[in-house]
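Structural features, examined
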Amino acid sequence: MAKEYGEVQLFGVGGSPYARRVRIALEMKGVQYTYFEEDLRNKSDLLLKYNPVHKKVPVLVHNGKPLAESLVILEYIDDTWGNHPILPQQPYDRALAQFWSRFIDDKCLPAITKAAFTANKEERDNSAEESLEALQFLENELKHKFFGGETIGLVDIAAGFIAFWLPAIEEAVGLKLLSCEKFPKLHKWGQEFTNHPVVKENLPPRDKLVGFFKARYASITASK
Amino acid sequence: MAGESLTLIGFWGSPFALRVKWALELKGIRYQYVEEDLSNKSAMLLQYNPVYKKVPVLVHDGKPLAESLVILEYIDETWEQNPLLSHDPYEKAKARFWSRFVDEKCVPAVMATFSKGGEEQQKAAQEARENLKTLEGGIEGKRYFGGENIGFADIAIGWLGYWVRIVEEIVGINLIDKELMAKLDAWIDDFLELPVIKECMPPRDKLLNHNKAFHKLLTSSST
């Protein structure tokens, strides 16, 4: 059975939402892979060799051929292993899935990160405003149990940051963005997503994550 | 196909709209083109692209799509003649990787070189040069990113050379080094000479003047 998948390696970091995305997709499809935990302060030669452009995780190596950028990797996984598809069949629905997953990376995540981890208060407030607008778009877009319908898809996997990392950030820095009053559907979705059997097994320990974000916040505000 | 309607909402000076035009023309797809006045955005644009409020937007049988790279993939999947993406998943992934690299890394660095001054500009120019050199690696010694024939990445990236050369002229800073980036330079020339590509390009003088005015606007607001 392992031969069917070829040799699959994943370079990641436990706390990285991007690396976790790839693990979720691989495990949903039952793909056998070897995982390598990177130390980002001391990047391995293999990581630098396989991702010379960005020097980041995650990196997927399939039969010796490396790929970087989590959304690119997710689509590759779906193109390569057809079971449990994470993208819809119809071109228009596929395009929408691509659109929203990119929206999450291009708009949501940067705004949320800035809203939490910027020294300047005005910038933080502006980014918080931007984050709320972005979350509202996602709230409006959610029409079923998951963005992917009855099962999780590309957009759900991409939005994992909002379900798990965002609440940890909120706790660490004293920020409130994803309230269930403002975003009832998204809030519920977050719980469904993190309780999904495959996702549940692929989340980093929450207290460690909160600690990491607390330290990051302290270093930003201390450097003022 | 009876009853099928296809509209591209764009702006003559937008490289992102140009990508979509190229894809439609290469596949011989008939469409209606609507020119948007970006200083006075139409209700139609705001309705069809409420998230970004930008061009290009493709509307197919009343269903809108925004984000040029997403639109390109939709076009490729819907009209299968003259395919842009390879069938091979790994080649597909590489094409997507380089297209995103341009949008996420090259474009911001070139824009910063264009709009900033002094040390910030020098730093941005250095970053832009490094990114362009990295991009050259994506050609992998082939004629085009797509191999012997142009593909998805060529369509997505091809405009960059045209624009960067205009930026270089306006700010007087060299970004594409003809010696150090010979392969990239050659690919740009090759690509821009292709008939379908050339036909869709906005006239150089018009684009140069438009960007000169834009540059004046950007740099005067900082004094």
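Residues numbered from 1 in each chain as written. Chains lettered and ligands numbered in written order. Predicted model: local features only at pLDDT ≥ 70, side-chain atom pairs only at ≥ 80, totals over all residues. Heavy atoms only, no water.

Next up on the list: the overall build of chain A. Looking only at helices and strands, chain A features ten helices and four strands. What you see in chain A, going N to C, is helices and strands ordered as β-α-β-α-β-β-α-α-α-α-α-α-α-α. The principal-axis extents of the C-alpha atoms in chain A amount to approximately 55 × 45 × 30 Å. Taking all 224 residues of chain A together, the buried fraction comes to 53%. Accessible surface for chain A amounts to roughly 10,600 Å². Of this, 51% is attributable to carbon and sulfur atoms. For chain A, the distance from the average position of its 29 positive side-chain charges to the average position of its 30 negative side-chain charges is 3 Å. (Helix = DSSP H or I, 4+ residues; strand = E, 2+ residues; numbered from the N terminus. Buried < 20%, exposed > 50% of the residue type's maximum accessible area, 1.4 Å probe, protein only. Areas by Shrake-Rupley, 256 points an atom, 1.4 Å probe, with all protein chains shown as cover. Lys, Arg positive; Asp, Glu negative; His and termini not counted. Charge placed at Lys NZ, Arg CZ, Asp CG, Glu CD.)

This part is about the packing of helix α4 (residues 91–116) of chain A against helix α7 (residues 160–173) of chain A. Two quantities define a packed helix pair, namely the angle between the axes and the distance from one axis to the other. Residues and elements named next belong to chain A. Across the interface, α4 lies against α7 with an axial gap of 10 Å and an inter-helix angle of 10°. Relative to α7, the element α4 lies roughly parallel. Where α4 approaches α7, its residues C108, L109, I112, T113 and A116 are matched on the opposing element by F161, I162, L166, I169 and V173. A breakdown of the residues in the contact of α4 with α7 according to their chemical character gives nine nonpolar, one polar and no charged. (Axes fitted to C-alpha atoms, helices over the stretch in contact; angles between N-to-C directions. Parallel < 35°, antiparallel > 145°, perpendicular 65-115°, else oblique. Contact = heavy atoms within 4.5 Å. Nonpolar A, V, L, I, M, F, W, Y, C, P; charged D, E, K, R; others polar.)

Another point: unusual backbone geometry. Cis peptide bonds are those with omega within 30 degrees of zero, and the linkage from A:V57 to A:P58 qualifies with 0°. Checked against the element boundaries, A:P58 lands in the loop between α2 (45–50) and β3 (59–62). Residues B:V55 and B:P56 are joined by a peptide bond in cis, for which omega reads 0°. Position of B:P56 among the secondary structure elements: in the loop between α2 (43–48) and β3 (57–60). One non-glycine residue with positive phi stands out, namely A:K55, at about 55°. A relative accessible area of 40% means that A:K55 is categorised as partly exposed.

Take the side chain of A:R21 next. All names here are of chain A. Along the polypeptide, R21 turns up in helix α1 (residues 17–28). By relative accessible area, which is 2% here, R21 ends up buried. Setting aside chain neighbours within four positions, we find R21 in contact with S70, L71, L74, I104, D105, L109, I157 and A158.

As a further point, take the side chain of B:S68. As for its placement among the helices and strands, B:S68 is situated in helix α3 (residues 68–78). In terms of polar contacts, B:S68 uses its side chain to reach the side chain of B:R19, at 2.8 Å. (Polar contact = N/O pair within 3.5 Å; in protein donor to acceptor, adjacent residues only side chain to side chain.)

All names here are of chain A. Burial along β3 is two-sided: V59 and V61 facing one way and L60 and H62 facing the other are all buried. Of the pairings in the sheet, the one linking strand β1 (residues 8–12) to β3 comprises four bridges and is antiparallel in character. Paired with L10 across the strands is L60, a residue of β3. Two strands pair when backbone bridges link them, and β3 and strand β4 (residues 65–68) are joined in this way by four bridges, in the antiparallel orientation. When the sheet's bridge partners are listed, L60 is paired in β4 with L67. Hairpin connection between β3 and β4: a loop of two residues separates the two successive antiparallel strands, and N63 in this loop has a positive phi of roughly 50°. (Pairing = 2+ DSSP bridges.)

A few words on the sheet that holds β3(B). Each strand in a sheet pairs with its neighbour through backbone hydrogen bonds, running either in the same direction (parallel) or in the opposite one (antiparallel). Residue and element names in this part refer to chain B. Ordered in space as β2-β1-β3-β4, the four strands form an open sheet in which the pairing is mixed. Sheet topology places β2 (32–35) and β4 (63–66) at the edges, where each strand pairs with a single neighbour. Across the sheet, the mean angle from the axis of one strand to that of its neighbour is 20°, orientation sign disregarded. In this sheet, β3 lies alongside strand β1 (residues 6–10) in antiparallel orientation, the contact comprising four bridges. Residue pairing across strands places I9 opposite V57, the latter belonging to β3. Of the strands in this sheet, β1, β2 and β3 touch helix α1 (residues 15–26), which is tilted by about 150° from β1.

Now for the interface of chain A and chain B. Counting from both sides, the interface comprises 26 residues of chain A and, opposite them, 27 residues of chain B. In total, chain A and chain B occlude about 2,600 Å² of area from one another, counting both sides; carbon and sulfur atoms represent 66% of this. Across the contact surface, chain A and chain B share four salt bridges. Salt-bridge contacts for B:R96 lead to A:D79; the nearest nitrogen and oxygen are separated by 3.1 Å. For the interface between chain A and chain B, the tally reads six residue pairs in polar contact (both at pLDDT 80 or more). Elements that contribute at least two residues to the side of chain A that touches chain B include exactly β4, α3 (70–80) and α4 of chain A. (Buried area = accessible area lost by both parts, 1.4 Å probe. Salt bridge = Lys/Arg side-chain N within 4 Å of Asp/Glu carboxyl O.)

Right, let's get into the confidence of the model for chain B. On average, residues of chain B score 95 in pLDDT, and 97% of them reach the 70 mark or higher. Per the prediction output, this complex has pTM 0.95; the corresponding ipTM is 0.94. (pLDDT = per-residue confidence, 0-100.)

Further remarks concern the environment of A:L203. Residues and elements named next belong to chain A. Summarising the element assignment, L203 is placed in the loop between α9 (197–200) and α10 (206–222). The spacing of L203 and P91 is 112 residues in sequence and 31 Å in space, taken between C-alpha atoms. Beyond its immediate stretch of four places on either side in the chain, L203 contacts R20, F164, W165 and T194.

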